[in-house]
Every structure is written in structure tokens, then in C-alpha cells.
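# Analysis of the macromolecular model
Each chain, written out:
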Amino acid sequence: MDGIPTWVYVIGAPVGFFAFRLLWPLMKQSVDTQVVQGRTESGLLAQVMVERDRALKRADDAEDRADALFKELADVKAQLTVMAYQLEVANAKIEALTNQINAMAGERNA
């Protein structure tokens, strides 16, 4: 190392050693803090993912229930349509029978 004075080595070596001795605990603490924070974030991320999965399952279940209710409603509506037609047919038959009874009663009275 040509051109670097000896006093730089004499002063620089102890200063560097003490700086390293003082800064190493701070650097180690900082790295440890980052590791702990990373683990905490990983744990929180895992919790968020679990909750997301639960929410998606609840949403899927709700959608399945809505589909089932829609199908049931469609079945009930179809049954009501059939029942309304059957009621119309029954009313027509009742009216026809009533007319026949009235006609027979009119013939007896005549």
C-alpha cells in the first residue's frame, strides 16, 4: 500500500476494531429484529390466508344455498301453476254440473 501513511494504520486499526465492537451488537439486534418481524409477518399472512379461505367457503356455501332456494322456488311456482290449472278445470266441471242440476230441476218443475 504505497502512499498510505503509517499513522492511518496506527489510528485506523483501533478505531475500526472499536467501531466494529460497538456496531456489531446494533447490527445483530437489527438483524434479529428483522427476523422476528419477518416471522411475525409470515404468521399474520398465514392467518389472513386462513380467514380468506374461510370467507370464500362461506361465500360458496351462501351461493349454494341461494341456488337451492331458487330451485325450490321454481318448483313451488310450477306446482302452483299446475294447481291453478286444476282449480280452473274443477271450477268448470262444477259449473257444468250445476247447470245440469238446474236443467234437471227445471224439467221436473215444468
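In the block above lies the structure referred to throughout.
If you're wondering where the values come from, they're calculated on a predicted model, not measured in any experiment.

### Describing the overall build of the protein
When helices and strands are tallied, the protein shows one helix and zero strands. Computed over the C-alpha atoms, the radius of gyration of the protein is 46 Å, more than 25% above the 13 Å expected from 2.2 N^0.38 for a compact globule of 110 residues. Along the first, second and third principal axes, the C-alpha set of the protein runs to 150 × 25 × 10 Å. Evaluated residue by residue, the protein yields a buried proportion of 0% over its 110 residues. Counting every atom, the protein has about 10200 Å² of accessible surface; 66% of that belongs to carbon and sulfur. On the protein, the mean spot of the 12 positive side-chain charges and the mean spot of the 15 negative ones are 7 Å from each other.

### Re a negative patch on the surface
Taken together, Asp60, Glu63, Asp64 and Asp67 make up a surface patch of like negative charges. In this fold, Asp67 is placed in helix H1 (residues 6-109).

### Quick word on the pattern of salt bridges
Across all of its chains, the model carries four salt bridges by this definition. Put simply, Asp32 and Lys28 hold a salt bridge, and the shortest N to O gap is 3.2 Å. Of this pair, Asp32 and Lys28 both sit in helix H1, four residues apart, which is roughly one turn of the helix. Relative accessible area serves as the criterion here: at 37%, Asp32 is assigned to the partly exposed category.

### Regarding the environment of Lys71
Note that Lys71 resides in helix H1. Of the residues examined, Lys71 reaches a relative accessible area of 57% and is grouped as exposed. Sequence separation between Lys71 and Ala92 is 21 residues, and the spatial gap between their C-alpha atoms is 32 Å.

Rules used in this analysis
Residues numbered from 1 in each chain as written. Predicted model: local features only at pLDDT ≥ 70, side-chain atom pairs only at ≥ 80, totals over all residues. Heavy atoms only, no water. Helix = DSSP H or I, 4+ residues; strand = E, 2+ residues; numbered from the N terminus. Rg over C-alpha atoms; globule rule 2.2 N^0.38 Å. Buried < 20%, exposed > 50% of the residue type's maximum accessible area, 1.4 Å probe, protein only. Areas by Shrake-Rupley, 256 points an atom, 1.4 Å probe, with all protein chains shown as cover. Lys, Arg positive; Asp, Glu negative; His and termini not counted. Charge placed at Lys NZ, Arg CZ, Asp CG, Glu CD. Patch = residues over 30% accessible without salt bridge, like charges linked within 9 Å, V, L, I, M, F, W, Y side chains within 5 Å. Salt bridge = Lys/Arg side-chain N within 4 Å of Asp/Glu carboxyl O.

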